[in-house]
Amino acid sequence: RDTMAEDAPADATEGEVPVPEPKPEPASAGAGYDDPVAAAIATKAALETQNKIDVTALPIRQYLETAVVPILLTGMQALVKERPNNPVEFLAAYLLKNNPQGPSHKP
């Protein structure tokens, strides 16, 4: 009996030498970009792409968490720190002043 035939995979034909599949190498601690400038550019591009998500297509909760909650939380932190006499007016002014999308343009 041929012992090589017994060790070969079932789909190997006679006369072929089985080639082992390459094993993935573990990620090293220094994996990633060697050039910090290239890393910064790639990170910026990834964030810009992420920010271009069509928020109108998101479910309500995700839309609010993406578009409103971050600026609202920072505004409320400023509100608690300042404790103005008119908190609603303060928060409204804060949101308008710090709008991450910039000022809105009226048509």
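Residues numbered from 1 in each chain as written. Predicted model: local features only at pLDDT ≥ 70, side-chain atom pairs only at ≥ 80, totals over all residues. Heavy atoms only, no water.

## Some remarks on the pattern of salt bridges
Part 1 of the argument: Scanning the entire structure with this criterion turns up one salt bridge.
Part 2 of the argument: Glu65 is paired through a salt bridge with Arg61; the nearest N and O atoms lie 3.1 Å apart. Remark: Arg61 and Glu65 occur in helix 3 (residues 60-67); sequence separation between them is four residues, near one turn of the helix. (Salt bridge = Lys/Arg side-chain N within 4 Å of Asp/Glu carboxyl O. Helix = DSSP H or I, 4+ residues; strand = E, 2+ residues; numbered from the N terminus.)

## Observations concerning the packing of helix 3 against helix 4 (residues 69-82)
Part 1 of the argument: Running from amino to carboxyl end, helix 3 crosses helix 4 at an angle of 50 degrees, the nearest separation of the two axes being 4 Å. It follows that helix 3 is oblique to helix 4 by the angle criterion. Residues Leu64, Glu65, Thr66 and Ala67 of helix 3 form the contact with helix 4, whose own contacting residues are Val69, Pro70 and Ile71.
Part 2 of the argument: Of the residues in the contact of helix 3 with helix 4, the class split is five nonpolar, one polar and one charged. (Axes fitted to C-alpha atoms, helices over the stretch in contact; angles between N-to-C directions. Parallel < 35°, antiparallel > 145°, perpendicular 65-115°, else oblique. Contact = heavy atoms within 4.5 Å. Nonpolar A, V, L, I, M, F, W, Y, C, P; charged D, E, K, R; others polar.)

## Overview of helix 4
Part 1 of the argument: With 14 residues, helix 4 extends 20 Å from end C-alpha to end C-alpha; this agrees with the ideal 20 Å at 1.5 Å per step.
Part 2 of the argument: Of the residues making up helix 4, those classed as buried are Ile71, Gly75, Ala78 and Leu79. One face of helix 4 carries all of its buried residues, which in axial projection span an arc of 105 degrees. Seen from the open side of helix 4, the exposed residues pointing more than 90 degrees away from its buried face are Gln77, Val80 and Lys81.
Part 3 of the argument: Residues of helix 4 that are buried sit in contact with helix 3 and helix 5 (87-97).
Part 4 of the argument: Within two residues after helix 4, Arg83 carries a phi angle of roughly 50 degrees, on the positive side. (Expected span 1.5 Å × (residues − 1). Buried < 20%, exposed > 50% of the residue type's maximum accessible area, 1.4 Å probe, protein only. Arc of directions from axis to C-beta.)

## Here's the deal with the packing of helix 4 against helix 5
Part 1 of the argument: At a minimum axis distance of 9 Å, the contact between helix 4 and helix 5 shows a crossing angle of 135 degrees. Relative to helix 5, the element helix 4 is oriented oblique. Along this stretch, helix 4 crosses helix 5, giving a crossing that reads as right-handed. Together, Ile71, Leu72, Thr74, Gly75, Met76, Ala78, Leu79 and Glu82 of helix 4 and Pro87, Phe90, Leu91, Tyr94 and Leu95 of helix 5 make up the contact between the two elements.
Part 2 of the argument: Residue composition of the contact of helix 4 with helix 5, by class: ten nonpolar, two polar and one charged. (Left-handed = near helix turned anticlockwise from the far one by under 90°.)

## A closer look at the confidence of the model for the chain
Part 1 of the argument: Residues of the chain with pLDDT of at least 70 account for 60%, and the chain-wide mean is 75.
Part 2 of the argument: Taken together, the stretch residues 27-31 has pLDDT below 50 and engages in zero contacts with residues farther than four places along the chain or on a different chain. (pLDDT = per-residue confidence, 0-100.)

## A few points about a nonpolar patch on the surface
Part 1 of the argument: On the surface, Ile60, Tyr63, Leu64, Val68, Val69 and Leu73 cluster together into a nonpolar patch covering about 500 Å² of accessible area.
Part 2 of the argument: It is helix 3 that contributes the most residues to the nonpolar patch, three residues altogether. (Patch = residues over 30% accessible without salt bridge, like charges linked within 9 Å, V, L, I, M, F, W, Y side chains within 5 Å. Areas by Shrake-Rupley, 256 points an atom, 1.4 Å probe, with all protein chains shown as cover.)

## Notes on unusual backbone geometry
Part 1 of the argument: The backbone of Arg83 shows a phi angle near 50 degrees, a positive value even though the residue is not glycine.
Part 2 of the argument: With respect to the helices and strands, Arg83 occurs in the loop between helix 4 and helix 5.

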